[in-house]
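# Structural characterization, general
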Amino acid sequence: KTELRLVHSYMISNYTEGKSFTIILDEMLKKDDGFFESMHDVRNDYCADIVHLIVADADTSTPDVTVYGQASALGAKRKRWTAVSSLAVGAIASATFSHENGHLLGGRHFHSFVDSDVTHGTLMAPLPSCPLGTCERLPVFSSARGTYESYDSVGNRIRSNNKKQIKDNQRSVAKLKNSRKCRNSSSTSSSTKSSNSQCITKEKRKCKDEARKNTFVGLVNESKLNECMEDASSLCK
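Only a predicted model underlies this, so the values are computations on that prediction, with no experimental measurement involved.

How each quantity is defined
Residues numbered from 1 in each chain as written. Predicted model: local features only at pLDDT ≥ 70, side-chain atom pairs only at ≥ 80, totals over all residues. Heavy atoms only, no water. Pairing = 2+ DSSP bridges. Helix = DSSP H or I, 4+ residues; strand = E, 2+ residues; numbered from the N terminus. Axes fitted to C-alpha atoms, helices over the stretch in contact; angles between N-to-C directions. Contact = heavy atoms within 4.5 Å. pLDDT = per-residue confidence, 0-100. Core = buried A, V, L, I, M, F, W, Y, C linked by side-chain atoms within 4.5 Å. Buried < 20%, exposed > 50% of the residue type's maximum accessible area, 1.4 Å probe, protein only. Phe/Tyr/Trp six-rings, centres within 6.5 Å; stacked < 30°, edge-to-face > 60°. Lys NZ or Arg CZ within 6 Å of the ring centre and 35° of its normal. Expected span 1.5 Å × (residues − 1). Bend = angle between axes of the 7 residues up to and from the residue. Salt bridge = Lys/Arg side-chain N within 4 Å of Asp/Glu carboxyl O.

Working definition: the strands of a sheet are paired by backbone hydrogen bonds and lie parallel or antiparallel to each other. Across the sheet, three strands lie side by side as β1-β3-β2; this open sheet has mixed pairing. Of all strands in the sheet, those bounded by a partner on one side alone are β1 (51-55) and β2 (69-71). Across this sheet, the average inter-strand angle for adjacent strands is 15°, counted without regard to direction. Looking at chain direction, β1 and strand β3 (residues 82-86) are connected through five bridges and run parallel. The residue of β3 that forms the bridge with Leu-53 is Val-84. Sitting on the sheet, helix α1 (residues 21-29) touches β1, β2 and β3, and the angle it makes with β3 is about 140°.

Moving on, we come to the confidence of the model for the chain. As a general rule, the predicted coordinates of low-pLDDT regions are not to be interpreted in detail. Of the residues in the chain, 77% reach a pLDDT of 70 or more, and the chain-wide mean stands at 81. Looking at the elements of the chain, mean pLDDT is at its lowest for helix α6 (residues 180-212), recorded as 62, and at its highest for helix α4 (residues 96-104), recorded as 94.

Now for the nonpolar core. Judged by nonpolar contacts, the single largest core of 22 residues is most densely connected at Ile-24, Met-28, Phe-36, Leu-53 and Val-84. Mapped by element, the contributors of at least two residues to this core are α1, β1, β3 and α5 (162-174). Looking at which element gives the most residues to this core, the answer is α1, with five residues. Apart from residues lying up to four places away in sequence, Leu-53 is in contact with Ile-12, Ile-24, Met-28, Phe-36, Ala-83, Val-84 and Ser-85.

This part covers the packing of aromatic side chains. According to the stated counting rule, one finds three aromatic pairs in the structure shown. Taking the centre distance of 6.5 Å and the plane angle of 85° together, the rings of Tyr-15 and Phe-35 count as edge-to-face. A residue pair is termed long-range when its members are at least 10 positions apart, and Tyr-15 in the segment before α1 and Phe-35 in the loop between α1 and α2 (37-46) qualify at 20 residues. By relative accessible area, which is 17% here, Tyr-15 ends up buried. Here Tyr-148 and Tyr-151 contribute two aromatic rings whose centre-to-centre distance is 6.5 Å and whose plane-to-plane angle is 10°, an arrangement assigned as stacked. In this structure, Arg-159 packs its charged tip against the face of Phe-110, placed 4.3 Å from the ring centre.

All right, on to the pairing of β3 then. Summarising burial for β3: five of the five residues are buried, a large majority. Here β3 shows a buried face lined by Thr-82, Val-84 and Ser-86 and a second buried face lined by Ala-83 and Ser-85. Bridge count between β2 and β3: three bridges; the pairing is antiparallel. Counterpart to Gln-70 in the pairing with β3 is Val-84.

Over its 13 residues, α5 runs 18 Å from end to end, which matches the ideal 18 Å to within 8%, given 1.5 Å per residue. The axis of α5 is deflected most strongly, by about 35°, at Asp-168. What α5 keeps buried is the set Asn-162, Ile-166, Asn-169 and Val-173. Buried residues belonging to α5 abut α4.

Attention now moves to the pattern of salt bridges. The full count for this structure, using the stated rule, is three salt bridges. Residue Lys-19 pairs with Glu-27 through a salt bridge whose shortest N-O separation is 2.9 Å. Taking relative accessible area as the criterion, Glu-27 reaches 8% and is therefore assigned buried. Residue Asp-168 pairs with Lys-164 through a salt bridge whose shortest N-O separation is 2.8 Å. Taken together, the residues Asp-168 and Lys-164, both in helix α5 and four residues apart, mark about one turn of the helix. Of the residues examined, Asp-168 reaches a relative accessible area of 53% and is grouped as exposed. Judged by relative accessible area, which is 46%, Lys-164 ranks as partly exposed.

Once that is clear, we can look at the side chain of Ser-143. Structurally, Ser-143 is set in the loop between β5 (136-137) and α5. Sequence-distant contacts of Ser-143, defined by excluding residues within four places in its chain, comprise Val-154, Gly-155, Asn-156, Ser-160, Asn-161 and Lys-163.

This next bit is on unusual backbone geometry. Even without being a glycine, Asn-14 presents a positive backbone phi close to 60°. In this structure, Asn-14 sits in the segment before α1. At Ala-95, a position not held by glycine, the phi torsion is positive, near 55°. In this fold, Ala-95 is placed in the loop between α3 (89-93) and α4.

Structural data, given as structure tokens:
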């Protein structure tokens, strides 16, 4: 099973929208060009394998069809790990955000599925093959023997099997930021959390013992306990 985990999100300010997706992706990937300079550092800080930018406005027109997003690669690579999608009504209706992430995971238009009557298609089906308004975009990847709700088939073994494409590619994508630095950072963070938890537990025990003092039957003095715990929290940071 392939799952995506959101490690961080933030707003980018002072960026002029309205550009084509190709230009936006180019600006995202380049360094020291005055665009998205902080993004590379943020990606490294959070060890994000892929980065997806959501814009409110973009040039979605092309000679053949309106597009609502674009990925920099079919299967994210060391130098191609970005995607962009818009907030246009058509983008939401066609699940563009998930579609472009599918490309970064290795999904392709060629391996998508559209039924013979063009009434429904899977997540990676391109808009010309599954037009908005007449063809329903199902929130699933095509698979060899897959079904979805009342639909008998959403793929086949010969061609329409994006589930396999993504499964075959998931390890390489997951390793893009699986560097020693990231692993050590994650390990240090987990170790620190564990150490803090142990410290608080130990101090809480001391606080309870202290709060029972000067009581006739060993009851806990709540005001003393709360005051002590505040000091313990500061001590264990």
